[in-house]
Amino acid sequence: MTQPRTTAELRALDAAHHLHPFSDTKALNDEGSRVIVKAEGVWLTDSEGNRILDGMSGLWCVNVGYGREEIADAVAAQLRELPYYNTFFKTTHVPAIELSAKLAELTPPQFNRVFFTGSGSESNDTVIRLVRRYWDIKEQPEKKVIISRRNAYHGSTVGAANLGGMAPMHAQNVALPGVVHIAQPYFWGEARQGETPEEFGLRTARALETTIDALGEDRIAAFIAEPIQGAGGVIIPPATYWPEIARICRERDILFISDEVICGFGRTGKWFGCETFGTQPDLLVMAKGITSGYLPLGGVMVADRVVDVLLEGGDFNHGYTYSGHPAACAAALANLAIMQREKIVDYVADDAGPYLKAQWSKLAEHPLVGEAPMLGMVGALELTPDKIGRTKFPDVGKVGTLARDFSFRNGLVMRATRDRLIIAPPLVISHGEMDELVARAKK
Ligand code: PLP
């Protein structure tokens, strides 16, 4: 029998052969990566036996927590029965059929059809294709511009990175024409002196209207936004923001895309973030929580009014080998069955969400914390040297990264965006574990 590798051996192999996503691999190799070997509930275990509370649900995805035998069994059974088949060229399979119907049931009433993908990024690339196809069929091919927001994250493929508004990504030469970015509703960081959250919410939303006017409505295809900007810093908009955006989308001849890759599947206390904020999207982008991350899967729900047009256009020449992979669909069905049986969305709305918010909000009393917003199971801590003047640390991002690394060493996974720490724990986290999370965040 071969001996298991030591942590040092694993780190050496990783350093030699692995290019890590969103990492400075050279710096990482000097330090050595932390090797995660197993997980249960909300707890990770590393190769040295340390237990770490996963305050980030992996990458905002493990909504039902780790170690769900039911999902593993469903995937194993599917792999034995039919490990792969595609949904191209007039074929389909049972897991894709069952999951399409389940998603039509769970999403808002305008949605009855899904286009499957393998990830959030592929879903957003699909959105670009769908939106362009829609306007072409409607004989308005000049409607091509998609309006997005600064600091939005919509994925890492070239198309999705362009939709996103992340400056460090754009700095790496991904920019293509056709996407325009407007302000994000980041009250703490971007409000004017004396402006109320309500005024700021309206002003930021109206940037959509002025941009449509400036560019010409006949050129604008769509507006895309995350209900709560996730990777951009957990930006929970003021109450006036989404109703005003909804009004503008209603009055203007554009499509509205809700990117629910993070907010979907219960994170905000409803099945989808658009329900929490009362918007009516035409396209709804999903991934992550659809399988709780147990297997990769994404999708785009397309509203009936858009489907009606698309169906007039004949072939849609787009699709992925793994669109609706049978094992991934089986994982999703088992995951959604758990969510429904255990009433996890209600738990977030009525119990865990308010419980965590009550404790988390108190962290705002700390002299270095500017604000501590939280909605459902997603929250942030804005670190600042001056909470009254709302100033930033001089080397933006350095303090956040140090705090994140410190927290990781202390046994809590948080994430840092600039100097904003983020949490998004599994939705099933218990009261005792929430107490522990807050105690570790305070350290
Ligand atoms: N959209 C949003 C809102 C996301 O947060 C992410 C990933 O974090 C994506 C899209 C991209 O998803 P994926 O990493 O599955 O490609």
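Rules used throughout
- Counting of residues starts from 1 at the beginning of each chain's written sequence and follows it residue by residue.
- Only residues with pLDDT of at least 70 get local features here, since the model is predicted, and only at 80 or more are side-chain atom pairs given and counted; chain-wide, interface and lining totals rely on the full set of residues.
- UniProt positions are given in the numbering used here, feature names are shortened, and annotations may be inferred rather than shown by experiment.
- Under the scheme used here, helices are H or I runs from DSSP no shorter than 4 residues and strands are E runs no shorter than 2 residues, and both carry numbers assigned from the N terminus.
- With the radius of gyration taken over C-alpha atoms, the globule rule is written as 2.2 Å times the number of residues to the power 0.38.
- Contacts are defined on C-beta atoms placed from the backbone: any two residues whose C-beta positions lie within 7 Å are in contact.
- Should the C-beta atom of a residue, placed from the backbone, lie within 6 Å of a molecule or strand, that residue is near it.
- Each residue receives one of three labels: charged for Asp, Glu, Lys and Arg, nonpolar for Ala, Val, Leu, Ile, Met, Phe, Trp, Tyr, Cys and Pro, and polar for the others, Gly being one of them.
- Pairing between strands is defined by DSSP: at least two bridges between them are needed.
- Only the stretch in contact is used when a helix axis is fitted, and all axes are lines through C-alpha atoms; the angle between N-to-C directions ranges over 0 to 180 degrees.
- Domain boundaries shown here were taken from an automatic or database domain assignment.
- Structurally, a nonpolar core is described as a collection of buried Ala, Val, Leu, Ile, Met, Phe, Trp, Tyr and Cys residues joined by way of C-beta atoms within 7 Å.
- To sort residues by burial, count the other C-beta atoms lying within 10 Å of each one's C-beta; a count of 20 or more means buried, 12 or fewer means exposed, and anything in between means partly exposed. C-beta atoms are built from the backbone.

As annotated in an unreviewed UniProt entry, the protein is Aspartate aminotransferase family protein from Ancylobacter crimeensis. UniProt lists a comment for the protein under the heading Cofactor (unreviewed entry), and it reads "pyridoxal 5'-phosphate". UniProt annotates the protein under Sequence similarities (unreviewed entry) with the comment "Belongs to the class-III pyridoxal-phosphate-dependent aminotransferase family."

### Section: the overall build of the protein
When you go through the protein residue by residue, the secondary structure sums to 17 helices and 16 strands. Taken over the C-alpha trace, the protein has a radius of gyration of 22 Å; the compact-globule value for 443 residues is 22 Å, and the two agree within 12%. Structurally, the protein occupies a C-alpha span of about 65 × 60 × 45 Å along its principal axes. In the protein, the proportion of contacts linking residues at least 24 apart, taken out of those at least 6 apart, comes to 71%.

### Looking at the site of the ligand
Close contacts around the ligand come from 15 residues, with Ser119, Gly120, Ser121, Gly155 and Val261 the closest. Ranked by residue count, the leading element in the shell around the ligand is helix H6 (residues 120-137), at three residues. Broken down by class, the residue content of the shell around the ligand amounts to six nonpolar, seven polar and two charged.

### Observations concerning the sheet that holds strand E4 (residues 111-117)
One open sheet accounts for seven strands, arranged E4-E10-E9-E8-E7-E5-E6; its pairing is mixed. Across the chains shown, the open sheet's two edge strands, defined by having one partner strand only, are E4 and strand E6 (179-182). The average undirected angle you get between the axes of adjacent strands in this sheet is 25°. For strand E7 (residues 220-225) and strand E8 (residues 255-259), the ladder comprises four bridges, and the chain directions are parallel. Paired with Phe223 across the strands is Phe256, a residue of E8. The sheet strands contacting helix H5 (residues 94-106) are E4 and strand E10 (298-303), and the helix crosses E4 at an angle near 135°.

### Let's talk about the domain arrangement of the protein
Domains assigned within the protein are domain 1 (34-64 + 343-442) and domain 2 (70-341). Domain 1 and domain 2 are separated by 25 Å when their C-alpha centres are compared. If you look at the interface, domain 1 gives 28 residues, while domain 2 gives 23 residues. Secondary structure elements with two or more residues in the side of domain 1 that touches domain 2: helix H3 (57-60), helix H15 (344-361), strand E11 (369-371), strand E13 (378-383) and strand E16 (420-423). No other element matches H15, which puts five residues into the side of domain 1 that touches domain 2.

### Observations regarding the nonpolar core
Counting 121 residues, the largest nonpolar core has Val131, Ala222, Phe223, Leu255, Leu283 and Ala331 as its most contacted members. No other element matches the ten residues that helix H14 (residues 326-341) contributes to this core. If you count residues domain by domain, this core takes at least three from each of domain 1 (34-64 + 343-442) and domain 2 (70-341). Residue contacts for Ala331: discarding those within four places in its chain leaves Ile71, Ala74, Val75, Thr291, Tyr294 and Leu295.

### Quick word on the pairing of strand E1 (residues 36-40)
In this sheet, strand E2 (residues 43-46) lies alongside E1 in antiparallel orientation, the contact comprising four bridges. Bridge assignment links Glu40 to a residue of E2, and that residue is Trp43. Connecting E1 to the antiparallel partner E2 that follows it, the hairpin turn spans two residues, and Gly41 within it adopts a positive phi of roughly 60°.

### Focus on the sheet that holds E2
Strand order across the open sheet formed by four strands is E1-E2-E3-E14, with mixed pairing between neighbours. Lying at the two open borders of the sheet, with one neighbouring strand each, are E1 and strand E14 (412-413). Packed on one face of the sheet, helix H17 (residues 431-442) meets strand E3 (51-54) and E14 and runs near 100° to E3.

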